[in-house]
Structures are given as C-alpha cells and as structure tokens.
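Spelled out from the first residue to the last, the chains are:
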Amino acid sequence: GVEVGPSGVARPADDVRYIALRAGPDTLVARVEQEGGRVLATRLLPGRFTIPAVALDGTAAGLSADGRTLVLIRPRRAFPRKQTALAVLGTARLRLRDTITLSGDFSFDAISPDGSLLYLVQYVAPRDATRYVVRGYDLERGRLLPEPVVDPKVFGDVMRGYPVTRAVSPDGRWAYTLYDGGGGHPFVHALDTSEGTAACIAVEALAGRSDLMDVRLAVAGAGREIRIVAGAEIVGVIDAETLRLSEPSL
C-alpha cells in the first residue's frame with residue numbers, strides 16, 4: 001500500500017523524472033526536468049495509477065534502465081484485492097502500450113533493463129501480507145510466466161516478510177531488497193531481472209535489531225558489492241559476483 005507520491009521516479013544521474021498525479025478519476029503522467037521542474041510531456045490515463053513503491057522506505061521503481069519503459073500500478077484500496085491492474089507506457093511520448101489485468105493480488109517488484117520482463121510479488125495468503133512468491137511477466141508475449149522465481153537453495157517456494165529497502169545495480173540488472181523475514185530472520189533477496197533467477201541471503205546480524213526499518217542498502221565499488229548499513233555502521237557486505245555475505249573489513 002505504499003505510494004511514491006509526486007516525487008516520481010528517475011534513472012540515476014538522469015536529467016528528467018516521471019511523475020503520476022491524480023486527475024479526478026484519472027491519472028496525469030508527466031515527464032519533468034529534474035532541475036526547475038519544467039514539464040516536458042504529459043499524458044492523461046483513464047483510471048487511477050501510481051508510480052510503484054517497492055519497499056516501506058518509499059523506494060520508487062517502474063522505470064527500465066534503458067529509460068524506454070515505464071510501468072504504473074493501480075493503488076491498492078484493501079488487502080487482498082481480487083484484481084490487479086498495471087499500465088505500461090513508452091517514455092518517448094508517454095504512449096500507453098498496454099494495460100495488464102491480473103486475477104489476484106500483486107505488487108510491482110522490478111523490470112529488466114531492456115523492459116522486456118516484468119517482476120511481480122504475488123500474495124498467496126489472504127490473511128497474511130508477508131507471504132508471497134515472485135512471478136515473472138513477459139511483456140513482449142503478454143503472459144504471466146508459469147513458474148515462480150525462486151532460490152533453488154531455499155526450501156519451499158513461498159518467502160516471507162515485508163520489504164524494508166531496495167538498491168539496484170548500476171546497470172539496472174540486479175534488484176537487491178532487504179526483507180524483515182517475517183519471523184525475525186532478515187534476508188536480502190537478490191533478483192537477476194535479466195535471467196529471471198534469485199538468491200536469498202540471510203543477514204543474521206540484523207536479527208532482533210530495533211532499528212531494522214532504518215537499515216539501508218548501498219551499492220558500492222562500481223557495483224561489485226552491496227553494503228548493509230545501519231546508521232553509521234556497515235553490518236555486512238555482499239559480494240555481487242558470488243552473492244556471499246561477509247563482515248566489513250576494518
């Protein structure tokens with residue numbers, strides 16, 4: 001249920017950002033300059049849509065790394081919802097390419113760098129929003145992929161927890177999400193959006209911390225490592241190549 005609001009979404013170091021504003025029962029999508037806020041293009045979409053947030057800290061997403069595809073989602077009014085709607089736009093003219101309607105409750109998770117694959121979180125327990133599976137959606141063929149995206153080393157398909165924060169690799173391929181683990185076992189979900197694979201990395205150093213919701217992920221070393229940062233303390237470092245967690249070197 002987290003919404004980004006008027007801050008919108010942008011690629012790192014880009015000079016424009018995309019916002020979605022309520023326009024009565026409809027949505028006004030705009031491309032605006034980062035500095036000065038000059039409106040460069042607009043499009044009115046029928047119905048209510050928003051820039052998706054992918055974590056409780058309000059991290060915005062929905063824009064592909066190549067800058068050509070923008071995905072919006074219909075805001076959730078209640079949990080669970082019977083139907084989920086998404087809008088797929090081309091950024092050049094903000095033209096509506098497709099409207100996706102799925103049976104069941106989903107939220108946006110990630111998009112591949114070239115905008116061909118969409119990843120969604122599907123909620124599988126009507127009374128428990130912490131239980132979910134990650135599903136792939138082929139935007140070119142317009143279909144939900146049949147098998148969930150899972151870590152083969154983790155027993156069971158269903159993961160658990162609330163997303164705390166998100167970081168993305170410089171090329172937009174990897175989405176790293178810190179989850180609280182639901183039962184007190186925080187982990188980082190590393191999703192390869194190009195290959196459709198994932199790994200779950202347990203972060204025991206965060207178990208029981210009262211400041212877990214303030215922890216952030218930081219991609220460093222030109223994308224070679226993901227730092228888990230609690231305040232001024234680095235509590236762990238994930239190697240982006242091996243996806244192994246280690247304590248920070250002093």
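Here, the structure is the one placed above.
A short tour of the structure in this document, coming up. (Residues numbered from 1 in each chain as written. Predicted model: local features only at pLDDT ≥ 70, side-chain atom pairs only at ≥ 80, totals over all residues. Heavy atoms only, no water.)

**Points about the overall build of the chain**
Step number 1: If you tally the helices and strands in the chain, you get zero helices and 19 strands.
Step number 2: Taking 2.2 N^0.38 as the reference for a compact globule, 250 residues should give roughly 18 Å; the C-alpha atoms of the chain span a radius of gyration of 18 Å, in line with that estimate.
Step number 3: Buried residues in the chain amount to 48% of all 250 residues.
Step number 4: Intrachain contacts of the chain at a sequence separation of at least 6 include 42% that bridge at least 24 residues.
Step number 5: Approximately 12,600 Å² of the chain is accessible, and the part contributed by carbon and sulfur atoms is 49%. (Helix = DSSP H or I, 4+ residues; strand = E, 2+ residues; numbered from the N terminus. Rg over C-alpha atoms; globule rule 2.2 N^0.38 Å. Buried < 20%, exposed > 50% of the residue type's maximum accessible area, 1.4 Å probe, protein only. Contact = heavy atoms within 4.5 Å. Areas by Shrake-Rupley, 256 points an atom, 1.4 Å probe, with all protein chains shown as cover.)

**Some thoughts on the environment of Thr-99**
Step number 1: Following the sequence through the fold, Thr-99 ends up in strand E6 (residues 95-103).
Step number 2: Here Thr-99 falls in the partly exposed class, since its relative accessible area comes to 41%.
Step number 3: On a C-alpha basis, the gap between Thr-99 and Val-71 in space is 9.7 Å, while along the polypeptide they are 28 residues apart.

**Some points on the packing of aromatic side chains**
Step number 1: By the definition in use, this model includes four aromatic pairs.
Step number 2: Where Tyr-132 meets Tyr-179, the ring centres are 5.3 Å apart and the plane angle is 20 degrees; that geometry is what we call stacked. A residue pair is termed long-range when its members are at least 10 positions apart, and Tyr-132 in strand E9 (residues 131-138) and Tyr-179 in strand E13 (residues 174-179) qualify at 47 residues.
Step number 3: Accessibility expressed as a relative area gives 1% for Tyr-132, which makes it buried.
Step number 4: With a relative accessible area of 4%, Tyr-179 lands in the buried category.
Step number 5: Between Tyr-179 and Phe-187, the ring centres sit 5.3 Å apart and the planes meet at 10 degrees, which makes this aromatic pair stacked. Assigned by exposure class, Tyr-179 and Phe-187 land together as buried.
Step number 6: Through pairs of rings, three or more aromatic residues link up here, namely Tyr-132, Tyr-179 and Phe-187. (Phe/Tyr/Trp six-rings, centres within 6.5 Å; stacked < 30°, edge-to-face > 60°.)

**Structural notes on the side chain of Thr-130**
Step number 1: Positionally, Thr-130 belongs in the loop between strand E8 (117-123) and E9.
Step number 2: The exposure class assigned to Thr-130 is buried, which follows from its relative accessible area of 7%.
Step number 3: Here Asp-128 takes part through its side chain, which lies 2.6 Å from a polar atom of the side chain of Thr-130.
Step number 4: Beyond its immediate stretch of four places on either side in the chain, Thr-130 contacts Met-159, Arg-160, Gly-161 and Tyr-162. (Polar contact = N/O pair within 3.5 Å; in protein donor to acceptor, adjacent residues only side chain to side chain.)

**A look at a positive patch on the surface**
Step number 1: Judged by side-chain charge, Arg-43, Arg-68, Arg-93, Arg-95 and Arg-97 come together as a positively charged surface patch.
Step number 2: Here Arg-95 shows up in strand E6. (Patch = residues over 30% accessible without salt bridge, like charges linked within 9 Å, V, L, I, M, F, W, Y side chains within 5 Å. Salt bridge = Lys/Arg side-chain N within 4 Å of Asp/Glu carboxyl O. Lys, Arg positive; Asp, Glu negative; His and termini not counted. Charge placed at Lys NZ, Arg CZ, Asp CG, Glu CD.)

**Let's talk about the nonpolar core**
Step number 1: Within the largest apolar cluster, 21 residues are counted, with the highest numbers of intra-cluster contacts made by Tyr-176, Leu-178, Val-188, Leu-206, Leu-217, Ile-228 and Leu-243.
Step number 2: Of all the secondary-structure elements, those providing two or more residues to this core are strand E12 (163-168), E13, strand E14 (187-192), strand E15 (197-202), strand E17 (225-230) and strand E18 (233-239).
Step number 3: Ignoring anything within four residues of it in the chain, the contact list for Leu-243 reads Trp-174, Tyr-176, Ala-190, Ala-199, Ile-201 and Ile-238.
Step number 4: Among the nonpolar cores identified, the runner-up in size contains 18 residues, and Tyr-18, Ala-20, Ala-85 and Leu-94 belong to it. (Core = buried A, V, L, I, M, F, W, Y, C linked by side-chain atoms within 4.5 Å.)

**Some details on the pairing of strand E2 (residues 26-33)**
Step number 1: As paired elements, strand E1 (residues 16-23) and E2 share eight bridges and run antiparallel to each other. Bridging across to E2, Ile-19 finds its partner in Ala-30.
Step number 2: Between the end of E2 and the start of strand E3 (residues 39-45), which pair antiparallel, lie five residues, with Gly-36 showing a positive phi angle near 95 degrees. (Pairing = 2+ DSSP bridges.)

**A closer look at the sheet that holds strand E4 (residues 69-73)**
Step number 1: Pairing is antiparallel in the open sheet, where three strands are placed in the order E4-E5-E6. Looking at which strands have only one partner, the edges of the open sheet turn out to be E4 and E6. For this sheet, the mean inter-axis angle between neighbouring strands, taken without regard to orientation, is 20 degrees. (Axes fitted to C-alpha atoms, helices over the stretch in contact; angles between N-to-C directions.)

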